[in-house]
Every structure is written in structure tokens, then in C-alpha cells.
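Next come the chains, spelled out residue by residue.
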Amino acid sequence: MRHLLSIADLSADELVELLDLAESFDEIQHRSIPKVPALRGKTVVMAFFEDSTRTRTSFDLAARRLSADVVNFSVSSSSTKKGESLRDTVETIDAMGVQAIVVRHSSSGAPRQICEWTRASVVNAGDGWHQHPTQALLDCFTIRRRLGGLQGRHIAICGDINHSRVARSDVDAFVKLGARVTLVGPRTLLPDRWDDWGVDVSHDLDEVVSEVDVMYLLRIQQERLGDALFPSIREYRTRWGLTVDRARRLQPEALIMHPGPMNRGVEIDPEVADDGRSVVLDQVAAGVPIRMAVLYRLMGPGQFDDNRATVGDVELAPASGHEPDNKPLAQGVI
Ligand code: NCD
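Residues numbered from 1 in each chain as written. Predicted model: local features only at pLDDT ≥ 70, side-chain atom pairs only at ≥ 80, totals over all residues. Heavy atoms only, no water.

Quick look at the overall build of the chain
Moving on, step 1. From N to C terminus, the chain includes 12 helices and nine strands.
Moving on, step 2. Buried residues in the chain amount to 56% of all 334 residues.
Moving on, step 3. Surface accessibility of the chain: about 14,700 Å² in total, with carbon and sulfur atoms responsible for 48%. (Helix = DSSP H or I, 4+ residues; strand = E, 2+ residues; numbered from the N terminus. Buried < 20%, exposed > 50% of the residue type's maximum accessible area, 1.4 Å probe, protein only. Areas by Shrake-Rupley, 256 points an atom, 1.4 Å probe, with all protein chains shown as cover.)

Put into C-alpha cells, the structure is as follows:
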């Protein structure tokens, strides 16, 4: 695996391997010094051409916990154009000799294009409406932890499917892991053609809410909507929001999920966001071990092997906070 651009790049087995590896890395997070030398000497560049707080912070922490050097390359979206200028930026980063570039860009396909211009591994941290693969991985991680697996589970994804890279990535990953997925929302926010997505579609949230194991809400992307695609925010909440009343009809063990940032009072009522069934903060927490697993998989020594099964038991020397010790890193050590 050289790049991670899309969930489509991963087989179901590879997806599960990444989730397993993330479980091992999660253990490191709970140590007094939550750091291992696995990527010491490697450099990760964060190239966020579009704003982000949680994804950027999470990748940054993940890289640092593996002892990689992190360079934050700030590009205000207004000063960045596609084509030549993006190419120049990437070639400049590449010339400095980095091992991975984490890219977020408002244009679908930008990370794939960037692969042509660099020798580094490229990780897609969200491109336009297209893909956000690490979000899907952390969502699978959260569901697997809470429900034991995705096989046979019924997951509803409600909201602005059309403008959502999260929805596209999640559908791919959930279906790959054997879940049954129902997309819910107004016709204007659902894809015209979904026959090859492997999902069901409903325009009535009340019809599905009591049946699902996971209720996944998407943010109404006001910055991407352009012309109004539904009459008003108030009407949206009434018909498609997870209101207090609707949340009462969810099963007691159902999970409420949202990729953040949440619009409280639009797609989710404030009380519901704080409901005991909401795993929104578990999703955020899962972001770090998932991104550690992805970075390690792309930049770590060779292919990762079955050593991961023993990671929890192996005494790993934590990287000292100040002086790096210069012992060579054993093959496969994480
Ligand atoms: C999502 C994104 O930016 O794609 N957020 C995230 O990464 N946590 C979803 C969104 O912006 O609605």
C-alpha cells in the first residue's frame, strides 16, 4: 500500500487489518508517555488546502505519537488555485524529501493528482465531495468496538449525502464489512442513481429510526449547498433532524454518530447530541489510533506483519521526550 486515497483502495481484509492495527496503537495512547519510535526520522507534511480542526489535529497527534517529524504547511484556500500552483506547491514539498503528505482539498481528485507529483505517500484527508477514508475507518472502529462488528448491522445515514465525502467513504466501508445501509434524506440531497452503491434509500426518517443499530447524521453543509435544496433549516430539522422525539424511538442500544462539526438544532437536537447513546466523542478519539495505523502502514518498515498480534504484550521503549536514543528500530517494531 503506497497511498490511501479512497476506501475503494482497500479490500475488506485490508480494512480489518487496519482496524486491528489501530486497536494495538490505541493501547499506546494510554501509556504515561504515549509515544513510540516507529516513525522516527520520517517526516509528514500536513497540506490542508481547506480548513479543518479535528482531522488536522488528529493526524498531527498520530504522527507525533509515532515520533515522526510533522510540518504544517498552511495554505489559505483563497490563495490556492488548482493546476500549476498546486503542482508547484507539491513539487516544492517533495523536493524537501518528505515521506508522507496528508492532503485535504476542496477539489475531488486533488490527492490522486498530487500522487503524480511526489515520491511521498499521499493520504487523503478529505477531497471535495469525493472521499474521506480515515473518517470511514474511524467510524468502523467505533462501531466495531461498541457493537462487536458491522456484519448484519443496519446503519442509516441521514442528511446531505450528495455533498458528503463522509457518506461516500462510509457507505463503501460499511457495505464492505457486511452492514446493511439505508440512506435517508430529501430527494434533493440524495444521489439520482444509487443502484450500484449497494444501499437502500428512504425519504422518511420516521420509517427507519426505530429499526436501526446505528443512526449516522451528516452535517448540513451550508458552505457547499449554494442554492437552497430544502425550504428552510426549520423544515429540515422537522423532517430529517434527529429530534428529541425521534431519538426516543431509537432502540436502547442504538448508536448515534456524527462526523462533526455538529450543527446542534439542525441535523441533531442539542439534547440528543449529549444522549448516552451518542458516540460522537468516541469517533473523535478513534481518529488518532486509526491515523497512526494508516501512517504506520504507509511509512513503517516494510509490510506490517502478524507482529501486531503481540504488540500489546511487547515492551516497547517509549521515545524519550527530549533526547532521541539512537538505537536502530527493529523490523516491525511498533
Ligand atoms: C467532515 C469533513 O470535513 O469532511 N468533518 C470531518 O472531517 N470531521 C464532515 C463535515 O465537514 O461535515
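Considering the packing of helix α5 (residues 133–147) against helix α6 (residues 165–176)
The geometry of a pair of packed helices is captured by two quantities: the angle between their axes and the separation between those axes.
Moving on, step 1. Packing of α5 against α6 brings their axes to within 8 Å, and their N-to-C directions diverge by 50 degrees. Taken together, the axes of α5 and α6 lie oblique to each other. Judged by the twist between their axes, the crossing of α5 over α6 is right-handed. Contacts between α5 and α6 involve P133, Q135, A136, D139, C140 and I143 from the first element and V166, S169, D170, A173 and F174 from the second.
Moving on, step 2. Here the residues of the contact of α5 with α6 are counted per class, giving seven nonpolar, two polar and two charged. (Axes fitted to C-alpha atoms, helices over the stretch in contact; angles between N-to-C directions. Parallel < 35°, antiparallel > 145°, perpendicular 65-115°, else oblique. Left-handed = near helix turned anticlockwise from the far one by under 90°. Contact = heavy atoms within 4.5 Å. Nonpolar A, V, L, I, M, F, W, Y, C, P; charged D, E, K, R; others polar.)

Observations concerning the pattern of salt bridges
Moving on, step 1. Applying the stated criterion to the full structure yields 18 salt bridges.
Moving on, step 2. Ionic pairing is found between R165 and E50, a salt bridge with its closest N-O pair at 2.8 Å. A residue pair is termed long-range when its members are at least 10 positions apart, and R165 in helix α6 and E50 in the loop between β1 (43–48) and α2 (54–65) qualify at 115 residues.
Moving on, step 3. On the basis of relative accessible area, R165 is assigned to the buried category, the value being 7%.
Moving on, step 4. Judged by relative accessible area, E50 falls into the buried class, the value being 16%.
Moving on, step 5. Residue R277 is joined to D275 by a salt bridge in which the shortest nitrogen-to-oxygen separation is 3.1 Å.
Moving on, step 6. Exposure remark for D275: the relative accessible area of 22% places this residue in the partly exposed category. (Salt bridge = Lys/Arg side-chain N within 4 Å of Asp/Glu carboxyl O.)

Some points on the sheet that holds β1
Moving on, step 1. The sheet built from four strands is open, its strands ordered β2-β1-β3-β4 with parallel pairing. A strand with exactly one partner marks an edge of an open sheet, and here the two such strands are β2 (69–74) and β4 (121–127). Taking the axes of each pair of neighbouring strands and ignoring which way they run, one obtains an average angle of 15 degrees across the sheet.
Moving on, step 2. Sheet topology places β1 next to strand β3 (residues 100–105); five bridges connect them, and they run parallel. Within the sheet, the bridge partner assigned to V44 lies in β3 and is A100.
Moving on, step 3. On the sheet, α2 packs against β1, β2, β3 and β4 and is oriented at approximately 155 degrees with respect to β2. (Pairing = 2+ DSSP bridges.)

Considerations on the nonpolar core
Moving on, step 1. Grouped together as the largest cluster of nonpolar side chains are 64 residues, with contacts concentrated most on L15, L66, V102, L137, I157, F174 and L295.
Moving on, step 2. When residues of this core are assigned to their parent elements, the largest contribution, 10 residues, is made by helix α12 (residues 280–299).
Moving on, step 3. Shared between two domains, this core takes at least three residues from each, and those domains are domain 1 (7–132 + 286–315) and domain 2 (133–282).
Moving on, step 4. Excluding residues within four positions of it along the chain, V102 makes contact with V44, V45, M46, A47, F48, F59, V123, A125 and L295.
Moving on, step 5. Counting residues in each nonpolar core, the second largest holds 23 residues, with C158, V208, W240 and V272 among its members. (Core = buried A, V, L, I, M, F, W, Y, C linked by side-chain atoms within 4.5 Å. Domains from an automatic or database assignment.)

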